[in-house]
2 protein chains.
Amino acid sequence: MPASFHPAGSEIFSPGSDANCFYVVKFGCVRVYRLLADGRRQISAFHLPGEVFGFEADSRHHFFAEAVGATSTLSMRVSATADLSATLLPLALRGLVRAQEHLLVLGRQNAPERVAAFLLDMFERQGGLERFELPMSRTDIADYLGLSLETVSRVFTRLRGQGIMRLVSLRTVEIVKMQALSVMCE
Amino acid sequence: MPASFHPAGSEIFSPGSDANCFYVVKFGCVRVYRLLADGRRQISAFHLPGEVFGFEADSRHHFFAEAVGATSTLSMRVSATADLSATLLPLALRGLVRAQEHLLVLGRQNAPERVAAFLLDMFERQGGLERFELPMSRTDIADYLGLSLETVSRVFTRLRGQGIMRLVSLRTVEIVKMQALSVMCE
DNA sequence: CGAGTATTTGACAGCCGTCAATTACGGTGG
DNA sequence: CCACCGTAATTGACGGCTGTCAAATACTCG
């Protein structure tokens, strides 16, 4: 179970490379994404400490994975796992449910609803403390939510104006009115 | 492996119900979707003959599944499968990849690109014949692509005007310029 | 053949993306 | 410790795509 360190922005895998192992995030954050021919990017998931990513339907990767900030991972070769299917199935199913929920956000929610959903997700995945870090840039958030970075920024400003959240620093969020944020996602 | 017949529009399962079996489509088409509180709907997938759906991360369904038209399915109890994990893992992984590709469409492609991607997907999944049926309504297509039904209709009209496709009947598509359609998705 | 539904088409408004400029932050070196 | 520089984030102006509302047309089924 070898550990690796990934500097900010470094590639972990890319489409076409061998998918012979999967990864556990030890610290930091990983973004998994696809690109269109003209460079438009859709981040399908961020992975935080403790989360597993990198398994594929076949033996090749179909996505890019990069360290968002300084990140360390543990990688496990698929062959080294006694019962691979039993290990991966629950992970794959959870990923599937997450992706399907994300589809609802991208397909049917407007910009404020998307940002609210994102903040609540980050809140819950980082232990439910009202103050937490955003490991990723506004551009990353935009590419995850299918918005422009300017729109993400504008919604942040609006949420601050409504007293729903506070920015302790550019990347540190404090949720003030949890209820209001939840209502926004319906 | 009991077979069931589902009339058009009938419910196959809904959120909260027991997820103790999964389903294979025999004929017809199934839509799987979620709703927001105000009724906005996102269809996460259509399932055509031969495809499997209905497995979940836990023992409860999180989605609605309905027959699009007259549909028949085979249902298998999860407990009746010898090695459940080995059977379901490839299906779950394929579903995950599909969902992630769909995320790119919803997050980063405009209306014509989305419709083109949808038509190509239907084309490929129905055997690659240039003429094929759309089992679902414009509303269903819209809720799958995160568009309004009017926008779907307008894009259809435009594609016909450009000589890229023909509507043999309202639900029967003939793709005339495959190349042009592919280019639209990048 | 007729009723009801599905689809198409049109007019118009609004949300959000793009382009651009300004401000704020953070890290580095003096 | 502070000044400086490069990057990230914010803010503003404006246009276009797409949603909404509404009406007309086409289709399907009984």
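Residues numbered from 1 in each chain as written. Chains lettered and ligands numbered in written order. Predicted model: local features only at pLDDT ≥ 70, side-chain atom pairs only at ≥ 80, totals over all residues. Heavy atoms only, no water.

Draft legend 1. Inspection of the overall build of chain A at higher detail. Looking only at helices and strands, one finds five helices and 11 strands in chain A. Rg of the C-alpha trace for chain A: 17 Å, near the compact-globule value of 16 Å for 186 residues, within the 12% margin. Reported as C-alpha extents along the three principal axes, the dimensions of chain A are approximately 50 × 35 × 30 Å. The 186 residues of chain A split such that 53% are buried. Long-range contacts, defined here as pairs at least 24 residues apart, represent 70% of the contacts in chain A between residues at least 6 apart. When the accessible surface of chain A is split by element, carbon and sulfur atoms take 54% of a total near 8200 Å². (Helix = DSSP H or I, 4+ residues; strand = E, 2+ residues; numbered from the N terminus. Rg over C-alpha atoms; globule rule 2.2 N^0.38 Å. Buried < 20%, exposed > 50% of the residue type's maximum accessible area, 1.4 Å probe, protein only. Contact = heavy atoms within 4.5 Å. Areas by Shrake-Rupley, 256 points an atom, 1.4 Å probe, with all protein chains shown as cover.)

Draft legend 2. View of the interface of chain B and chain A. In this assembly, 41 residues from chain B lie in contact with 41 residues from chain A. Together chain B and chain A conceal approximately 3700 Å² of surface at their shared face, both sides included; 68% is due to carbon and sulfur atoms. For the chain B face of the interface with chain A, the top three residues by lost area are B:Leu103, B:Leu104 and B:Arg108, together amounting to 20%. Our count for the contact surface shared by chain B and chain A stands at eight salt bridges. (Buried area = accessible area lost by both parts, 1.4 Å probe. Salt bridge = Lys/Arg side-chain N within 4 Å of Asp/Glu carboxyl O.)

Draft legend 3. Representation of the relation of the copies chain B and chain A within the structure. Placing chain B over chain A gives an RMSD of 0.0 Å and needs a rotation angle of 180 degrees, together with 0.0 Å of translation along the axis. In the structure described here, the two chain copies are related by an operation that fits a two-fold rotation axis. Comparing interface residues between copies, 100% of those in chain B also sit at the interface in chain A, which points to an isologous, same-surface contact. (Least-squares fit on C-alpha atoms with pLDDT ≥ 70 in both.)

Draft legend 4. Structural context of the UniProt feature "domain: HTH crp-type" (unreviewed entry) in chain A. Annotation from UniProt places "domain: HTH crp-type" (unreviewed entry) at residues 109-179 of chain A. Measuring from the first to the last C-alpha atom of residues 109-179 of chain A gives 18 Å, for a span that is 54% helix and 17% strand. (UniProt positions renumbered as here; feature names shortened; annotations may be inferred.)

Draft legend 5. Expanded view of the packing of helix α3 (residues 138-145) of chain B against helix α4 (residues 149-161) of chain B. Residues and elements named next belong to chain B. Contact geometry for α3 and α4: axes closest at 8 Å, N-to-C directions at 105 degrees. Between α3 and α4, the crossing angle belongs to the class labelled roughly perpendicular. Here Arg 138, Thr 139, Ile 141 and Ala 142 of α3 lie close against α4, whose contacting residues are Leu 149, Val 152 and Phe 156. The residue inventory of the contact of α3 with α4, partitioned by class, reads five nonpolar, one polar and one charged. (Axes fitted to C-alpha atoms, helices over the stretch in contact; angles between N-to-C directions. Parallel < 35°, antiparallel > 145°, perpendicular 65-115°, else oblique. Nonpolar A, V, L, I, M, F, W, Y, C, P; charged D, E, K, R; others polar.)

Draft legend 6. Summary view of the domain arrangement of chain A. All names here are of chain A. Per the domain assignment, the segments making up chain A are domain 1 (3-83) and domain 2 (109-185). The C-alpha-based centres of domain 1 and domain 2 are spaced at 24 Å. Listed per partner, the contact involves 12 residues of domain 1 and 12 residues of domain 2. Between domain 1 and domain 2 the total buried area reaches about 950 Å² when both faces are included, carbon and sulfur atoms providing 54% of it. When the buried area of domain 1 at its contact with domain 2 is split by residue, Arg 41, Phe 46 and Leu 48 rank highest and sum to 57% of it. At the boundary of domain 1 with domain 2, the tally comes to four salt bridges. (Domains from an automatic or database assignment.)

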